[in-house]
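# Results of the structural survey
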Amino acid sequence: MTDLKVPKSLLGSIRGFAALTALLLVMAACGDAESDTTEAAAPATTAAPATTAAPATTEAPTATAAPATTAAPTTEAPTTTAAPTTTEAPTTTTAPTTLTVTDGSGREITLDSPAERILCVQDNCTDLTSDLGIVPVAMHRGDGWGSFAAYYGEGAAAIPVLGDRMSVEEVAQYEPDLIIGRVGEEEVRDALEIVAPVYLVDIGGVDALVDGWDDVGFLTGREAEAAEAIARFSSNVQTLTSSLPAGAVETRVAVGFGDTNWMIWDSSSFCRFLHSEGAGTCVFPEQDVSEWGSPDSEFSWEFVLEVDPEVWVMITWPGSARKDTVTAEVWLQTTAHREGRVCEEDSAGSFGHGLLMLQWAYQCYLNAGWPDLYDHPGDLSVWLPAGSAG
């Protein structure tokens, strides 16, 4: 083999070159490793990349999946705002149009809608219906107590009249929505309620009557008319009472009716009403309570003479006794007869079965007792709402 001689200077260059090459190779290898680590954990080696690696933190947007929360709106908020389903509350509130009241007998009455066809099974009902501007589909009696022409004028002739012995079938043919009677007629109610709800008015005093007017106004959709009727009653009574003379409450009053003799009653609210207004005091003998719940039976003329009524209120109807047909001597001796202080009232008003009757009877009584202060005996049409009669 040929022995190759390499000059020292060249040898040094070669060695330097080799060392340089080796260094470059090492550096290259390091460079590759570094790029691998910078890719994997650049933040760890160089702090600067870590801060520049803010992208990783700016990836908070990704973490802040704000879109996910902004998706919350879509997150069925609409579905919950499908409150339209709950907003149908209006429909539920208006849908139940049921009308419920408790009548004078304590019985609850419920109607699905305001009653339009009212049927009267007592005279107090006609008083009430006319006061509220209602024409009943049929009424109790037509030519007896209550003189319906006074309430409805010529129009009374067009209102069918129930027979004295009315039957369920007779009532049913008028297809009433509501039947009105009075407390004390619970048996009638029990028989008729298979036809329609039956409201019984309590006639036991002004407050009870006012409750009846309010309730029937509500059941027939005539609350305003009922309120007006009650206000009219209060105003009329107040006007009449304001002119009473001092001591009027001490006036002895007899309330009676009869064909050939007298009965003096306390079974109505009229006597209590007179006393509460300071207009007079009804006279009654001591006696047991009658089957009607209060003293109301026939009395002897001796009793009449003993109490000597100063004002008579005569409840009359066609064919009954009137002041000019009573011939009993005792009657002629009473102060009421001698002084002409007699009220003949033809509408059964002194029973106090209705607010109109009560006003009429009060006016009639006051005119009999103090004709110089009350110049007319009263005309029922005076108390009616405009246009009700005639």
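Residues numbered from 1 in each chain as written. Predicted model: local features only at pLDDT ≥ 70, side-chain atom pairs only at ≥ 80, totals over all residues. Heavy atoms only, no water.

Turning to the confidence of the model for the chain, a few remarks are in order. With 60% of its residues at a pLDDT of 70 or more, the chain has an overall mean of 73. Contacts of residues 1–86 to residues separated by more than four positions or lying in other chains number 13 contacts, the stretch itself having pLDDT below 50. (pLDDT = per-residue confidence, 0-100. Contact = heavy atoms within 4.5 Å.)

The next point concerns the pattern of salt bridges. Across all of its chains, the model carries 8 salt bridges by this definition. We note a salt bridge from Arg107 to Glu193, for which the minimum N-O separation is 2.9 Å. Of this pair, Arg107 sits in the loop between strand E1 (99–102) and strand E2 (108–111) while Glu193 sits in the loop between helix H12 (186–192) and strand E7 (198–201), and the two are 86 residues apart along the sequence. When the shortest N-O distance is used, the salt bridge between Arg341 and Glu339 registers 3.5 Å. Residue classification places Glu339 among the partly exposed positions, given a relative accessible area of 48%. A network of salt bridges, in which partner residues are shared, links Arg107, Arg189, Asp190 and Glu193. (Salt bridge = Lys/Arg side-chain N within 4 Å of Asp/Glu carboxyl O. Helix = DSSP H or I, 4+ residues; strand = E, 2+ residues; numbered from the N terminus. Buried < 20%, exposed > 50% of the residue type's maximum accessible area, 1.4 Å probe, protein only.)

Our focus in this paragraph is the packing of aromatic side chains. A full pass over the atoms with the stated rule returns 3 aromatic pairs. Note on Phe233 and Phe273: the rings are 6.4 Å apart at their centroids and 45° apart in plane angle, and the pair reads as tilted. Residue Phe233 is located in helix H14 (residues 223–241), and its partner Phe273 is located in helix H15 (residues 270–276); the two are separated by 40 residues in the primary sequence. The class of Phe233 is buried, set by a relative accessible area of 5%. Residue classification places Phe273 among the buried residues on the basis of a relative accessible area of 5%. Ring centres of Tyr365 and Trp370 lie 5.9 Å apart, and the angle between their planes is 85°; on these two criteria the pair is classed as edge-to-face. Grouping aromatic residues by their ring pairs yields a cluster made of Phe233, Phe273 and Tyr362. Sitting above the plane of the Trp370 ring, Arg341 keeps its charged end 5.9 Å from the centroid. (Phe/Tyr/Trp six-rings, centres within 6.5 Å; stacked < 30°, edge-to-face > 60°. Lys NZ or Arg CZ within 6 Å of the ring centre and 35° of its normal.)

A few words on the side chain of Gln359. Topologically, Gln359 is positioned in helix H19 (residues 355–369). A polar atom in the side chain of Gln359 sits 2.6 Å from the side chain of Asn236. (Polar contact = N/O pair within 3.5 Å; in protein donor to acceptor, adjacent residues only side chain to side chain.)

Further remarks concern the state of the cysteines. Counted according to the given criterion, the structure contains 3 disulfides. Here Cys271 is linked by a disulfide to Cys282, with a sulfur-sulfur distance of 2.1 Å. With the S-S bond torsion at -85°, the cross-link from Cys271 to Cys282 turns out left-handed. In this pair, Cys271 is assigned in helix H15 and Cys282 in strand E10 (residues 281–282), connecting sequence segments 11 residues apart. For Cys271, a relative accessible area of 7% gives the class buried. Note on Cys282: relative accessible area 13%, which makes it buried. The disulfide partner of Cys343 is Cys364, and the S-S distance across this bridge is 1.9 Å. Here Cys343 and Cys364 share a disulfide; its torsion about the S-S bond, 115°, makes the bridge right-handed. (Disulfide = S-S within 2.5 Å.)

The parallel open sheet is built from 3 strands, whose spatial order is E3-E6-E7. Each end of this open sheet is capped by a strand with a single partner; those strands are strand E3 (118–120) and E7. Recorded for the sheet is a direction-independent mean angle of 30° between the axes of neighbouring strands. Sheet topology note: the E3/strand E6 (residues 178–182) ladder contains 3 bridges and is parallel. Bridged to Cys120 within E6 is Ile180. (Pairing = 2+ DSSP bridges. Axes fitted to C-alpha atoms, helices over the stretch in contact; angles between N-to-C directions.)

The next thing to look at is the environment of Ser234. Looking at the element boundaries, Ser234 is found in helix H14. Distance in space between the C-alpha atoms of Ser234 and Leu355 is 9.5 Å, their sequence separation being 121 residues.

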